[in-house]
Amino acid sequence: MNDRQRWTAAIFAFVVGDALAFQMRGSVLPRVADAFDVSEAVLGLVAPAGTTGFLLAVLVVGLLAGHLPIRRTILGGLGVAIVALVSMAGAPIYVLFLGMLLIQGTADGVVRALDRPALSHLYPTQRGRVFNLYAMAWAVGGAMAPLLANVIIAVADWRFVFPVVAAFFVVPLAFLFRAGEPVSQSNERGLTLARLQDVMRDPAVLGMSGALVFSGGIEGSIFTWLPYFASQFVTDAQANLILSGYLFTYIPARAGYSVVVERVPYLPLTLALAIVSAPLVYLAFTVSSVPLFVVAILGLGVTISGFFPTLSAFGVDEHPEYSGPVNAVATSANYVGVSLFPAVIGILAGYLGIGTALSLLSGVFLTVGAVITTTYMVTRDRLTGRSN
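Since this is a predicted model, take the numbers as computed values, not measurements.

Calculation rules
- Residues numbered from 1 in each chain as written.
- Predicted model: local features only at pLDDT ≥ 70, side-chain atom pairs only at ≥ 80, totals over all residues.
- Heavy atoms only, no water.
- 1 Å grid on protein atoms, 1.4 Å probe; cavity = no way out; pocket = protein on both sides within 12 Å on 5 of 7 lines; lining within 4 Å.
- Points joined across faces, edges and corners; volume = space filled by probe spheres on them.
- Helix = DSSP H or I, 4+ residues; strand = E, 2+ residues; numbered from the N terminus.
- Nonpolar A, V, L, I, M, F, W, Y, C, P; charged D, E, K, R; others polar.
- Salt bridge = Lys/Arg side-chain N within 4 Å of Asp/Glu carboxyl O.
- Buried < 20%, exposed > 50% of the residue type's maximum accessible area, 1.4 Å probe, protein only.
- Axes fitted to C-alpha atoms, helices over the stretch in contact; angles between N-to-C directions.
- Left-handed = near helix turned anticlockwise from the far one by under 90°.
- Contact = heavy atoms within 4.5 Å.
- Patch = residues over 30% accessible without salt bridge, like charges linked within 9 Å, V, L, I, M, F, W, Y side chains within 5 Å.
- Areas by Shrake-Rupley, 256 points an atom, 1.4 Å probe, with all protein chains shown as cover.

> Where do I start with empty space enclosed by the protein in this structure?
Leftover empty space is mapped by rolling, across the atoms, a probe with the size of a water molecule. All chains considered together, the criterion is met by five cavities of 30 Å³ or more. Taken as a whole, the largest cavity encloses approximately 220 Å³ of empty space. Empty space within the second largest cavity amounts to approximately 80 Å³. As for the second largest cavity, its lining consists of Asp18, Ala21, Phe22, Arg25, Gly50, Thr51, Phe54, Gln104, Gly105, Asp108 and Tyr335. Residue contributions to the lining of the second largest cavity peak at four residues, all from helix H1 (residues 3–36). The residue inventory of the lining of the second largest cavity, partitioned by class, reads four nonpolar, four polar and three charged.

So, in structure tokens, the structure goes:
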């Protein structure tokens, strides 16, 4: 196995573990509440504890990517994440549990800030394909998380969930111990403040960021509210099964996009996905037939899964020498949407009902389409010239 293969295996193994850690939190939340005897309001601190440090690390480390020793920084992040996960299992009080979760999320953010930039330089002519396969690996981990949590809780104490997740991070650690610095160490340029301003003002980066805020908001809203909405018509267990089915559609869909993206340009592809998604999401949350609802939701999983990896690949392709900062902007934009939109849906649901509030996401998809169209029109001459 050569260094390129070791780096690829390490990054894909990490992202599976990252998704497990992310999605596992919701699966053990009732057990956390019982173990620490905390109210729902205090229990709600789990989400910001897990994401605040993550976002900060992605931004700071991503912007500094050209100045950092990538291999040592990732090894450090993996090591800290493993220690934090094991510590969460033994935390005697809730405050310490949250503190370890904050550290674990921050450590994951350090690695996430550098792993896709490394892939970007390892596969400079196949970014769209590799980014979709990377996102597919995340979907595998995300879909596995609730099932793995159920198995562990059925045979052992819920706290064993965290050492099991930590074991997944040992795999990339082992690969990277035997690898050298990636090629990205020499291809990634240090970012000056003046150059950062130029990159951030680029219409391609602005368009990518705007589209990802909205598409991430749709995704976060469905993650958060789909089981709640579905539980009005089916049992809670069936509602969770529908969410798992939705997540599972990401896996074959992203595998397919990894092939399609090498034949269809990024922006026309995501524009087509936005156009198809708008009626699907409206149908899903307004139809009265449960089978039709399930079909629409599964179809929506297929379409929405293509936005983040494809749009972020577009942004990195525009500035490959600054893949770390552009990746940081893309990831942060996506997570801003994931964090904010579910709360807006909750407010609207209080006035309109949850079904009507979620059906309004069809308008958000049209907004995504408008942003992508505008970005394409503004950057068309540049993209056409490059293809020629």
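> What exactly am I supposed to notice about the pattern of salt bridges here?
Pairing is possible between side chains of opposite charge, provided their charged atoms come close. Applying the stated criterion across every chain yields a total of three salt bridges. Notably, a salt bridge pairs aspartate 3 with arginine 6, separated by 3.1 Å at the nearest N-O pair. Of this pair, aspartate 3 and arginine 6 both sit in helix H1, three residues apart, which is roughly one turn of that helix. For arginine 6, a relative accessible area of 14% gives the class buried.

> Help me out: how do you make sense of the environment of valine 344 in this one?
Checked against the element boundaries, valine 344 lands in helix H15 (residues 323–352). Sequence separation between valine 344 and valine 295 is 49 residues, and the spatial gap between their C-alpha atoms is 26 Å.

> Got a minute to help me understand unusual backbone geometry in this structure?
Residues apart from glycine generally show negative phi values, whereas peptide bonds are mostly found in trans. In the Ramachandran plot, aspartate 37 falls in the positive-phi region, its phi being about 55° despite a non-glycine side chain. Summarising the element assignment, aspartate 37 is placed in the loop between H1 and helix H2 (40–43).

> What is the right way to look at the packing of helix H10 (residues 203–230) against helix H11 (residues 236–260) in this model?
For any two helices packed against each other, one specifies the inter-axial angle together with the distance between the axes. Where H10 meets H11, the closest approach of the two axes is 7 Å, and the angle between their N-to-C directions is 145°. H11 is crossed by H10, and the crossing has right-handed handedness. Residue-level inspection shows Glu219, Ile222, Phe223, Leu226, Pro227 and Ala230 of H10 in contact with H11, the latter providing Ala239, Asn240, Ile242, Leu243, Tyr246, Leu247, Tyr250 and Arg254. In terms of residue class, the contact of H10 with H11 is made up of eleven nonpolar, one polar and two charged.

> So what exactly am I meant to see when it comes to a nonpolar patch on the surface here?
Taken together, the side chains of Val344, Ile347, Leu348, Tyr351, Leu352 and Leu360 define a hydrophobic patch exposed on the protein surface, amounting to about 610 Å² of accessible area. Within the secondary structure, isoleucine 347 is located in helix H15.

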